Structures are given as C-alpha cells and as structure tokens.
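Listed below, chain by chain, are the residues.
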Amino acid sequence: MSTGNGDNSMDAGKREIMEATHSAVKNHGYNDLTMQHIADEFDRSKSLLYYHYTGREQLLADFLGYILDSFLADLPTEETTPRKELQELIDRLLPAKTTEEPYRLALAMFELRMNAPHNQAVRQQYVAVEEELKRLLEDMLQRGIEVGEFVDMDIAVEAEGLLSLLIGTRARRLTVYDPDESIEPMKTAINSHIDRLSAISS
C-alpha cells in the first residue's frame with residue numbers, strides 16, 4: 001500500500017502532490033478530474049507533478065493509498081474495551097450524517113473503487129486496506145472473546161461478515177442517501193448484529 005499520512009517517509013514534494021489531489025478531487029470529483037485540475041491546486045513547479053506522474057490513473061492509485069493509510073493511521077490506539085473499539089471503528093466508517101466535503105471525497109473514492117476491475121494498482125490498494133480492516137476486526141473479536149465481551153464464534157467468518165456489512169453500507173449511503181440524510185436505520189441494523197455477538201447486552 002502506498003505511503004500515507006501515517007508514514008513520515010513520504011518526501012515533501014510528493015506529499016504536496018497528494019494534498020493538491022485531495023483538493024482537486026473534492027472540487028471536481030473523480031469522473032471529471034484531470035491532471036490540469038490537480039496542477040492548478042499544486043503550488044510548486046508543475047514539472048515536479050509530471051516528474052512523479054505521467055497520467056491521472058497512476059496518480060489516483062497512489063492517492064487512494066494515501067487516503068486509506070491516513071484513515072488507518074488515524075484509528076484510535078488508546079486502551080479501551082474491544083466492544084468500544086469496534087463501535088468507534090463503525091462510527092468512523094459510518095457517521096450517522098456527513099457534510100458535503102467529506103461526502104464528495106467518499107463519492108470520488110467509491111467511483112475509484114468501481115474502476116478497480118480495470119486498474120490493477122487500484123485493486124491492489126483496496127485489497128490491502130480490506131485485509132488490514134479484516135485483521136483489525138478479527139483482533140477486536142478475539143480480544144472481546146477473551147475478556148468475555150463477545151460469545152465464542154468463528155472469528156474469521158464474523159470478521160468477513162462485518163467487513164461486508166460496513167463496505168456495503170458505505171456503498172448504499174453514496175448511492176441512495178443524500179449527504180445530510182441520516183443513515184441511523186442502517187447503523188441500528190449493524191449494531192443489532194453486534195448485540196447478537198455480545199456476551200453482555202449493551
């Protein structure tokens with residue numbers, strides 16, 4: 001997976017390209033985005049942009065890794081209970097409501113996901129982040145079983161199911177919900193599923 005905010009090894013020039021791409025994606029979305037739009041947001045020499053990237057798809061694959069790594073690096077690390085960690089992960093991925101700017105970015109990332117069957121670099125980025133999210137879910141469930149918060153279960157199967165629920169719910173939000181429309185009914189359904197996995201009712 002490409003280097004994101006959580007890795008200080010990214011050089012300043014490339015990080016500024018990622019930030020310029022972030023601004024351009026929010027302003028223009030995925031389908032209408034051009035290299036010129038990104039160049040317009042880039043304060044340094046445009047030749048630096050074209051030195052690193054010869055085309056939009058290559059740049060967007062790296063940008064996807066940057067965004068996904070940033071999300072993973074921003075997950076909470078403080079000590080808490082596995083059940084609370086799981087709830088916070090759900091809330092990060094699925095805020096009940098959202099505003100226009102994060103919605104536009106999420107929509108662009110969703111459109112980029114739809115291009116994964118035709119872009120191996122994009123596909124690899126999504127495979128990597130889904131593997132990491134599944135690992136996090138398995139870890140939360142395992143520790144929850146050990147401390148008596150969750151019932152005994154097939155951890156791999158349940159983690160796969162939760163991952164599919166989370167990704168599917170994000171897709172539904174972007175395709176059938178307005179940006180400021182609450183998705184609380186869908187979150188209630190996910191939380192109801194987690195309640196069934198819990199050894200102690202919430």
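The structure we're discussing is the one just above.
Presented here is an overview of the structure given in this document. (Residues numbered from 1 in each chain as written. Predicted model: local features only at pLDDT ≥ 70, side-chain atom pairs only at ≥ 80, totals over all residues. Heavy atoms only, no water.)

1. A word on the packing of helix α5 (residues 82–93) against helix α7 (residues 120–146)
Following both chains from N to C, one finds α5 and α7 inclined at 150°, their axes separated by 8 Å at the closest point. It follows that α5 is roughly antiparallel to α7 by the angle criterion. The interaxial crossing formed by α5 with α7 has left-handed handedness. Contacts between α5 and α7 involve P82, E85, L86 and L89 on the former and, on the latter, L133, L137, M140, R143 and G144. (Axes fitted to C-alpha atoms, helices over the stretch in contact; angles between N-to-C directions. Helix = DSSP H or I, 4+ residues; strand = E, 2+ residues; numbered from the N terminus. Parallel < 35°, antiparallel > 145°, perpendicular 65-115°, else oblique. Left-handed = near helix turned anticlockwise from the far one by under 90°. Contact = heavy atoms within 4.5 Å.)

2. Describing the side chain of T169
Looking at where T169 falls in the secondary structure, it is placed in helix α8 (residues 155–176). Among all residues touching T169, those that are not within four sequence positions of it are L94, I183, M186 and I190.

3. Considering the environment of V25
Along the chain, V25 falls in helix α1 (residues 12–28). The class for V25 is buried, based on a relative accessible area of 1%. Through-space distance from the C-alpha of V25 to that of L107 is 9.6 Å; in sequence the pair is 82 residues apart. In this structure, V25 is in contact with L33, L60, F63, R104, L105 and A108, ignoring residues within four places of it in sequence. (Buried < 20%, exposed > 50% of the residue type's maximum accessible area, 1.4 Å probe, protein only.)

4. Concerning the nonpolar core
Core analysis: the largest hydrophobic core is formed by 55 residues, its most contacted members being M18, I38, L49, L59, F63, L86 and M109. Those elements that place two or more of their residues in this core are α1, α2 (35–41), α4 (56–73), α5, α6 (100–114), α7, α8 and α9 (184–197). Among the elements that take part in this core, α4 stands out by supplying nine residues, more than any other. Setting aside anything within four residues of it in sequence, one finds F63 in contact with M18, T21, H22, V25, L105 and M109. (Core = buried A, V, L, I, M, F, W, Y, C linked by side-chain atoms within 4.5 Å.)

5. Considering α1
For α1, with 17 residues, the first-to-last C-alpha span of 24 Å sits near the 24 Å given by 1.5 Å per residue. Taken residue by residue, α1 has G13, R15, I17, M18, A20, T21, A24, V25 and K26 as its buried positions. On its buried face, α1 sits against α2, α3 (46–52), α4 and α6. Of the residues flanking the start of α1, the one acting as N-cap is D11, its side-chain oxygen 3.0 Å from the backbone nitrogen of G13. Phi turns positive one or two residues past the end of α1, at G29, with a value near 75°. (Expected span 1.5 Å × (residues − 1). Polar contact = N/O pair within 3.5 Å; in protein donor to acceptor, adjacent residues only side chain to side chain.)

Function-wise, these values are silent; they only describe arrangement.
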